[in-house]
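Fold and contact review
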Amino acid sequence: MDGNDKVAVFERKPASYRYDEKLPAASAMLEEVLKGTDFQKLFESFYNLVNIPVAIIDFNANVLFSSPWQRICTQYHRVHPATCDRCLESDTQLATQLKEGKNYAIYSCRNGLTDSAAPIVIEGKPVANVFIGQFLTKAPDESWFRQQAETYGFEVDDYLAALHEVPIVEAEKIPLIIDLLMQMTRMVTNLAIDRKRAIESQARQSIILNTIPQAVFWKDIHGSYLGCNAAFAKDVGIATPDAIVGKTDFDLPWPREEAEAYRADDAVVISANQARLHIIEPVQQVDGSRIVVDTSKIPLVDAANTPYGVVGVYEDITERKRAEEELRTTETYRRTLFESARDAILIMRNERFIDCNSSALSLYGTDRESFIGHTPYEFSPERQPDGRLSKDIALEKIGAALNGTSQFFDWKHLRLDGTRFDAEVSLNRVDFGKEVLIQAIVRDVSERKRAEYALLRANRALKTLSAGNLALVRAASEDELLQQVTRVIVEEGGHLLATVDYCNDDEDKSITPMAWSGLDNTRYWADNLSWADTDHGQLPAAKAIRNGTTQICHDIASDPAFAPWKDAALVHGFVSNIALPLSDGARIFGGLSIYSAESIAIDEEEVRLLEELANDLAYGIINLRTRIEHEQHALILRQSLEQSIQAIASTVEIRDPYTAGHQRRVSDLASAIALEMGLPEEQIHGIQLAATIHDLGKIQIPAEILSKPGKLSDVEFMLVRTHPKAGYNILKDVKFPWPIADIVLQHHERQDGSGYPQGLKGTEIALGARIIAVADVVEAMQSHRPFRPSLTLEKALNEIEQQRGQKYDQTAADACLALWRTGRFSFANEP
């Protein structure tokens, strides 16, 4: 192969993974989950730190995220057809191993490099792989790579230079990298699952809202619509519910006077912070026709119970109202409707029943003889939910109807057998000649109420779950997490008490309350808790821990398990309780208990949501514990690195007595300059450590040259100029959190390219090296050297001022001059 052939090979378009915007469903979901995250920055930081590329690649070879790859691959191996085939073979082998169910795979490419990969699994199904590579596991056999370069026509020196850019990962460090890889995959999995659940939850709520027959809308405090359901959008002639946002009642087809009335109703609800229920009012439709609706409005409030808007629900009752009117005028038609109506229809003279239809008898479970002549409050409990006597309210409503004001209200009724049911009641005055009667229409809404209550509970559980997950993300400690989650359950879920208990493996199998919210005092409400199968171990919390299953108590007062604590529970108003186990995957370590002021008629969906919250809480606890362990380990490693740096600095200064303390003083000044420039604390710390050993390479220069009293020869001076490269070679394989080796290599570079050893210019030089260069010159000029006496501080500062922006970084130079000339810095006195 001649030279021209080589050029042709290198100019061939590099092989690469294709990237198609029309991704398969799994990849699209993964990309959507990761969009807007710091994954790309994470991968680039990982690459900058360890020089090992990272990529997420789906099963159709689409690269979703990627750091830069090794130059030896992109410029050589993936260019030549033969070596490229080996690369593809490596990709295939890794993918094959992962398809066989392995947690991760490692493969040594026939081109001489090593790759690793692990699967990304979402809900038990692999959807993509995370790749880490390329790296070496031992020092390369340069003769082998040289032979490979010659075989495929690569430019040998540049190819070997590219080889030297590939990091060497020691065998014992490979598991650490694989562990990081597995953590990445778990993080991706959790992100995908959380997003999927959020989308499903939102879809469920949207389906419920848009399938109910009632029209629903909500506005802000200024009367602008925030949203509506499909039924309301249809009524006002808007294509989709989203189009309502930002409009007001004056933008809709109502007459202006009615729009003003609606806004006045809203203002009353918001100012009083109190609902207005069953407002019977006319509404003009898009086609100009008018209907009568039953509207209820309630205030929207924030966590502080401050109204910020209003939500309204209405349904068309035009037909019902028309039927009531016709009933007054046509007795025959009235009787037909009377008997065929599905709702209970009753006729009262004053407050006693004189007639009813068959639906009324069926609704109340009685016969005509047992019903006629009685009053409505005789078929009601003594008191209504608001605490008022049923008789007083009934007489008040009947009196208002007799005076010509129709009444529409909710009511608790009793059947003849004593069972209760919820009803909507309409009372209207009916004039028959000189006789004035009351027509009552009663509709059983028990099922609707149960559905509304179930929806309320589910929404409350969803809100609690969402707020709990937010606490999981924000909590910095286990105690904070437990307190925040219990607080959320009480404040968002509307429960009286939420507590997290941990079980102990002591002789008594005791239970320790770790955190709780909802109690006014700091003392826990119950004593002597145990998860043993004894009299003191029968609480739902104890059973949940012992059995590992969710436990529900609907009535604490009648449950024998609560006998030892019954009085205390009733004092606090506890009526029901649900307890859920907390597990780390291997064992149950505690439980989450929730106490309510009402009997829990809990359904499967609400149980599932609360169990999801308990599982998320357990995961958060274990995750925090694991993170703390990792942080402690990382701190020990970092302290060890820094102690090693200080030992190295001391070794260099022992060999060179003339520059003893030079590195420390340069480190002090460089740190002060970096702080003056406003750099982050972590970056300043890296610059400080790099400055502490910036002359490490002098350890390879003969001591007699370093301490020579006269002028150095050209040969000796050239030898001294090798110390940045020598220091770099010593440090390059040490895995610091900062680019210390590069800073040491570049600290004698200059802005105009006149420095050494690489002749770099401007921003080609690392910022830390540019700062140390300024500090190094100022300290060196003030210090005594064997070949010259020390110079004055002013001469050193003049040198920096005259060469700022030319030899020295302008920002670093200005910061240095400001520190010295304002007296905010001076070198510490030598001991």
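Read on for a plain summary of the structure. As the structure is a prediction and not an experimental result, all values here were calculated from the model. (Residues numbered from 1 in each chain as written. Predicted model: local features only at pLDDT ≥ 70, side-chain atom pairs only at ≥ 80, totals over all residues. Heavy atoms only, no water.)

**Some points on the overall build of the chain**
Counting its regular elements, the chain contains 29 helices and 20 strands. Scored against the burial criterion, the 831 residues of the chain give a buried share of 46%. Considering only contacts in the chain between residues 6 or more positions apart, those separated by 24 or more positions represent 54%. For the chain, the exposed surface amounts to about 41,700 Å²; the carbon and sulfur share of it is 52%. (Helix = DSSP H or I, 4+ residues; strand = E, 2+ residues; numbered from the N terminus. Buried < 20%, exposed > 50% of the residue type's maximum accessible area, 1.4 Å probe, protein only. Contact = heavy atoms within 4.5 Å. Areas by Shrake-Rupley, 256 points an atom, 1.4 Å probe, with all protein chains shown as cover.)

**A look at the sheet that holds strand 15 (residues 435-444)**
In a beta sheet, neighbouring strands are held together by backbone hydrogen bonds and run either parallel or antiparallel to one another. Overall, antiparallel pairing links the 5 strands, which are arranged 12-11-15-14-13 in an open sheet. Looking along the sheet, the strands with just one partner apiece sit at the ends: strand 12 (352-356) and strand 13 (407-414). Averaged over neighbouring strand pairs, the angle between their axes works out to 35° when direction is ignored. The pairing of strand 11 (residues 344-349) with strand 15 spans 5 bridges and is antiparallel. Bridge assignment links Met348 to a residue of strand 15, and that residue is Ile438. Relative to the sheet, helix 15 (residues 390-402) contacts strand 11, strand 13, strand 14 (420-432) and strand 15, its axis offset from that of strand 13 by approximately 150°. (Pairing = 2+ DSSP bridges. Axes fitted to C-alpha atoms, helices over the stretch in contact; angles between N-to-C directions.)

**Let's talk about helix 28 (residues 793-803)**
By the burial criterion, the buried members of helix 28 are Ala796, Leu797, Ile800 and Gln803. Along the long axis of helix 28, the arc covered by the buried residues comes to 145°, so they all point the same way. Set apart from the buried face of helix 28 by more than 90 degrees, the exposed residues are Lys795 and Gln802. Lining the buried residues of helix 28 we find helix 27 (767-782) and helix 29 (810-821). Just beyond helix 28, the residue with positive phi is Gly805, at close to 80°. (Arc of directions from axis to C-beta.)

**A closer look at the pairing of strand 1 (residues 54-58)**
With 5 of its 5 residues buried, strand 1 lies for the most part within the structure. Along strand 1, one buried face is formed by Val54, Ile56 and Asp58 and the opposite face, lined by Ala55 and Ile57, is buried too. Where strand 1 and strand 2 (residues 63-66) come together, 3 bridges link them in antiparallel fashion. In the sheet register, Ala55 faces strand 2, and the bridge partner there is Ser66. Counted along the chain from strand 1 to the antiparallel partner strand 2, the turn is 4 residues long, and its residue Ala61 has a positive phi close to 70°.

**Focus on the packing of helix 22 (residues 681-692) against helix 27**
At a minimum axis separation of 10 Å, helix 22 and helix 27 run at an interaxial angle of 55°. It follows that helix 22 is oblique to helix 27 by the angle criterion. Note that helix 22 runs across helix 27; the crossing there is right-handed. Here Gln683, Ile687, Ala690 and Ala691 of helix 22 come into contact with helix 27, specifically with Leu767, Gly768, Ile771 and Ile772. When the residues that make up the contact of helix 22 with helix 27 are grouped by side-chain class, the tally is 6 nonpolar, 2 polar and no charged. (Parallel < 35°, antiparallel > 145°, perpendicular 65-115°, else oblique. Left-handed = near helix turned anticlockwise from the far one by under 90°. Nonpolar A, V, L, I, M, F, W, Y, C, P; charged D, E, K, R; others polar.)

**Some thoughts on the nonpolar core**
With 46 residues, the main nonpolar core has Leu669, Ile673 and Ile740 as its most contacted residues. Contributing elements (two or more residues each) for this core: helix 21 (662-676), helix 22, helix 25 (723-731), helix 26 (740-746), helix 27, helix 28 and helix 29. It is helix 27 that provides the largest number of residues to this core, a total of 8 residues. Within the second largest apolar cluster, 25 residues are counted, among which are Ala344, Phe353, Phe371 and Phe421. (Core = buried A, V, L, I, M, F, W, Y, C linked by side-chain atoms within 4.5 Å.)

**A few points about unusual backbone geometry**
Cis geometry marks the peptide bond from Tyr756 to Pro757; its omega dihedral reads 10°. Structurally, Pro757 can be placed in the loop between helix 26 and helix 27. The phi angle at Asn305 is positive, at roughly 65°, despite the residue not being glycine. By secondary structure assignment, the location of Asn305 is in the loop between strand 9 (290-301) and strand 10 (307-316).

**A short note on the side chain of Thr114**
Mapped onto the elements, Thr114 comes out in strand 4 (residues 114-122). Residue Thr114 is classed as buried on the basis of its relative accessible area, which comes to 4%. Residues in contact with Thr114, not counting those within four places in the same chain, are Ile106, Tyr107, Ser108, Gly133, Gln134, Phe135 and Thr137.

**Notes on the pattern of salt bridges**
Oppositely charged side chains can pair when the atoms bearing their charge come close. In this structure the tally under the stated criterion is 31 salt bridges. Residues Arg78 and Asp91 are paired through a salt bridge, measuring 3.1 Å at the closest nitrogen-oxygen approach. Of the two residues, Arg78 sits in the loop between helix 4 (71-77) and helix 5 (81-99) while Asp91 sits in helix 5, which places them 13 residues apart along the sequence. Residues Arg78 and Asp91 agree in their burial class; the two are buried. Between Glu319 and Arg322 there is a salt bridge whose closest N-O contact spans 2.5 Å. (Salt bridge = Lys/Arg side-chain N within 4 Å of Asp/Glu carboxyl O.)

**A few points about helix 15**
Helix length check: helix 15, at 13 residues, gives a terminal C-alpha distance of 18 Å against a target of 18 Å (1.5 Å per residue), a fit within 8%. When we look at burial in helix 15, the residues that qualify are Ser390, Ile393, Ala394, Ile398 and Ala401. All buried residues of helix 15 lie within an arc of 130° about the axis, which places them on one face of the element. On its buried face, helix 15 is in contact with strand 11, strand 13, strand 14 and strand 15. With its phi angle positive at about 100°, Gly404 sits one or two positions after the end of helix 15. (Expected span 1.5 Å × (residues − 1).)

**Focus on the packing of aromatic side chains**
Aromatic ring pairs are described here by two measures, namely the spacing of the ring centres and the angle between the planes. Per the counting criterion, the structure on display carries 23 aromatic pairs. Arranged with centres 5.4 Å apart and planes meeting at 70°, the rings of Tyr364 and Phe379 form a pair that is edge-to-face. Of this pair, Tyr364 sits in helix 13 (residues 358-364) while Phe379 is found in the loop between helix 14 (368-371) and helix 15, placing the two residues 15 residues apart along the sequence. Feature note: the residues Tyr76, Trp144, Phe145, Tyr152, Phe154 and Tyr159 constitute an aromatic cluster, connected by ring pairs. Taking the ring centre of Trp531 as reference, the NZ or CZ of Lys509 above it sits at 4.8 Å. (Phe/Tyr/Trp six-rings, centres within 6.5 Å; stacked < 30°, edge-to-face > 60°. Lys NZ or Arg CZ within 6 Å of the ring centre and 35° of its normal.)

**A look at the sheet that holds strand 3 (residues 105-108)**
Taken in spatial order, the 5 strands of this open sheet run 2-1-5-4-3, and their pairing is antiparallel. The sheet is open, and its two borders are formed by strand 2 and strand 3, each paired with just one other strand. Neighbour to neighbour, the strand axes of the sheet diverge by 20° on average, direction disregarded. Where strand 3 and strand 4 come together, 4 bridges link them in antiparallel fashion.

**Focus on the environment of Glu478**
Looking at the secondary structure, you find Glu478 in helix 17 (residues 478-493). By relative accessible area, which is 17% here, Glu478 ends up buried. Distance from Glu478 to Ile622, taken between C-alpha atoms, is 9.0 Å for residues 144 residues apart in sequence. When sequence neighbours within four positions are dropped, the list of residues in contact with Glu478 reads Tyr502, Ile621, Leu624 and Arg625. A polar contact is formed between the side chain of Glu478 and the side chain of Tyr502, at a distance of 2.7 Å. (Polar contact = N/O pair within 3.5 Å; in protein donor to acceptor, adjacent residues only side chain to side chain.)

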